[in-house]
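Chains, contacts and geometry: an overview
Here are the chains, one letter per residue:
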Amino acid sequence: MDILEDLQWRQAIQQISDESNLKRLLASGKKISLYCGVDPTGDSLHIGHLIPFIMLKRFQQAGHHPYIVIGGGTGSIGDPSGRKTERQLQTMDQVNRNKAALTQQMRRIFGQDNFTIVDNYDWLSKISLLDFLRDYGKLFNVNTMLNKEIVARRLEAGISFTEFTYQILQSVDFWHLFKHEQVQVQIGGADQWGNLTAGMDLIHKKQPQAEVFALTIPLMLKADGTKFGKTAGGAVWLDPKKTSPFEFYQFWLNQDDRDVIKYLKFFTFLSHEEIDQLAVEVAHHPEKRAAQRRLAQEVTTFVHGKAAMQEAEKISQILFGGDIKDLSVAQIEQAFAKMPSVQASAQPQNIINWLVDLKLEPSKRQAREDVQNGAISLNGNLVTDEQLLVQPDEHFDGKYMIVRKGKKNYTLVHIKND
């Protein structure tokens with residue numbers, strides 16, 4: 001099976017500009033160069049950004065040469081894609097800090113061999129205004145630009161000339177990479193189709209016989225119709241300081257049965273046979289969540305490495321079925337980063353008063369009732385004694401205590417050193 005057939009099996013292709021000729025090019029055995037761009041609008045990518053770069057990674061594994069454009073030039077302007085309003089311009093210091101962070105993440109994903117990171121600031125910043133208008137602006141028809149979906153959706157609310165020219169700048173990127181690096185394919189999300197084809201049109205106007213192609217990925221939707229990657233807690237980041245490997249692992253582990261096979265096809269490099277077998281598991285034994293666990297293992301390893309995945313898995317096993325006392329302080333900080341937390345004094349205190357003072361119970365009566373019913377656990381130990389004296393400095397280096405109310409309601413207690 002060739003790479004395009006594999007991508008189609010994985011339901012990873014929305015549109016290809018010239019499928020038959022791209023198939024012919026790939027079937028010839030020639031190793032091509034292709035690219036995808038990302039603007040440094042923040043200091044980390046999130047899982048939505050992974051979608052086109054996973055496809056680029058597949059081409060890399062097939063021996064082709066990926067180029068990643070980190071848009072120091074376009075990022076200083078602002079992409080109107082997916083926006084209802086103008087982006088706020090960033091300072092160049094912000095852009096440069098973000099570029100450095102994204103470059104590091106890309107190197108983690110793509111390794112050191114057979115790929116290249118470039119910054120479009122290096123060529124866009126050298127084009128004078130007059131050269132831009134004469135060499136590029138003259139080749140773009142305003143009526144065609146207005147009809148591009150990205151621009152058309154913004155016309156009612158309004159779009160600045162700055163953001164209107166974004167598609168020209170992105171087209172210049174494709175032309176520059178084709179001319180200087182022999183890049184023949186640009187990859188992007190479904191909403192980027194207009195920009196990708198504008199780049200092809202520019203190349204053909206400058207070099208009519210050029211073989212260049214555009215390939216887009218479908219919009220990733222969950223089974224309930226909502227956009228993939230959005231959670232109640234916000235974006236799921238690739239930066240472990242923003243989303244810990246444990247939280248990252250849990251995100252994938254908690255995917256719906258209706259979505260998990262689609263995500264295994266798209267986000268992992270497992271074989272068709274293994275994914276088909278996991279689909280059978282989902283159909284016959286959904287309670288085992290074997291597909292979700294495999295998905296979490298694969299994507300967490302891909303983004304954070306095997307050691308971080310194993311640590312996240314160990315925390316999960318302890319937190320949801322083991323002995324919490326086995327958690328280290330570092331594991332607690334990772335596992336409870338986004339869970340409810342309170343602060344408490346290091347002074348010993350009666351359990352009933354302690355729970356009420358921390359507002360973990362609404363009243364002493366309710367606290368006694370929950371203790372009597374076995375609903376309260378402290379550091380993994382069931383509390384049954386209403387006279388228990390809480391000793392905050394006895395566990396987890398005197399930094400934390402963990403309260404569980406019921407089966408799943410955890411609260412992390414930060415111990416203040418009085």
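Only a predicted model underlies this, so the values are computations on that prediction, with no experimental measurement involved. (Residues numbered from 1 in each chain as written. Predicted model: local features only at pLDDT ≥ 70, side-chain atom pairs only at ≥ 80, totals over all residues. Heavy atoms only, no water.)

1. Remarks on the pairing of strand β5 (residues 183–189)
Taking burial as the measure, the 7 residues of β5 include 6 buried ones, the bulk of the element. Bridge count for strand β2 (residues 33–38) against β5 is 3 bridges, and the pairing is parallel. By the bridge assignment for β5, Leu 34 is matched with Val 185. As paired elements, β5 and strand β6 (residues 213–217) share 5 bridges and run parallel to each other. Of the residues in β6, the one forming a bridge with Gly 188 is Thr 216. Read as a crossover between parallel neighbours, the route from β5 over helix α11 (residues 193–206) to β6 is right-handed. (Buried < 20%, exposed > 50% of the residue type's maximum accessible area, 1.4 Å probe, protein only. Helix = DSSP H or I, 4+ residues; strand = E, 2+ residues; numbered from the N terminus. Pairing = 2+ DSSP bridges. Right-handed = clockwise from strand over helix to strand, strands pointing away.)

2. As for the sheet that holds strand β4 (residues 116–119)
One open sheet accounts for 6 strands, arranged β1-β6-β5-β2-β3-β4; its pairing is mixed. Since the sheet does not close on itself, it has two edges, and those belong to β1 (15–16) and β4, each with one partner. The pairing of β1 with β6 spans 2 bridges and is classified as antiparallel. In the strand pairing of β6, Gln 15 is matched with Thr 216.

3. Quick word on a nonpolar patch on the surface
A cluster of nonpolar side chains, namely Leu 129, Leu 130 and Leu 133, defines an oily patch on the protein surface of about 330 Å² accessible area. Along the chain, the position of Leu 133 falls in helix α6 (residues 129–136). (Patch = residues over 30% accessible without salt bridge, like charges linked within 9 Å, V, L, I, M, F, W, Y side chains within 5 Å. Areas by Shrake-Rupley, 256 points an atom, 1.4 Å probe, with all protein chains shown as cover. Salt bridge = Lys/Arg side-chain N within 4 Å of Asp/Glu carboxyl O.)

4. Some words on the pattern of salt bridges
Evaluation of the coordinates by the stated rule reveals 14 salt bridges. The salt bridge involving Asp 119 is made with Lys 99; its shortest N-O contact spans 2.5 Å. Linking Asp 119 in strand β4 with Lys 99 in helix α4 (residues 92–110), this pair joins segments that are 20 residues apart in sequence. Across this residue pair, the class does not change: Asp 119 and Lys 99 are buried. Two residues, Lys 262 and Asp 259, come together in a salt bridge whose shortest N-O distance is 4.0 Å. With Lys 262 and Asp 259 both in helix α13 (residues 257–267) and 3 residues apart, the pair spans about one turn of that helix. Salt bridges sharing common partners tie together Glu 274, Arg 294 and Glu 298.

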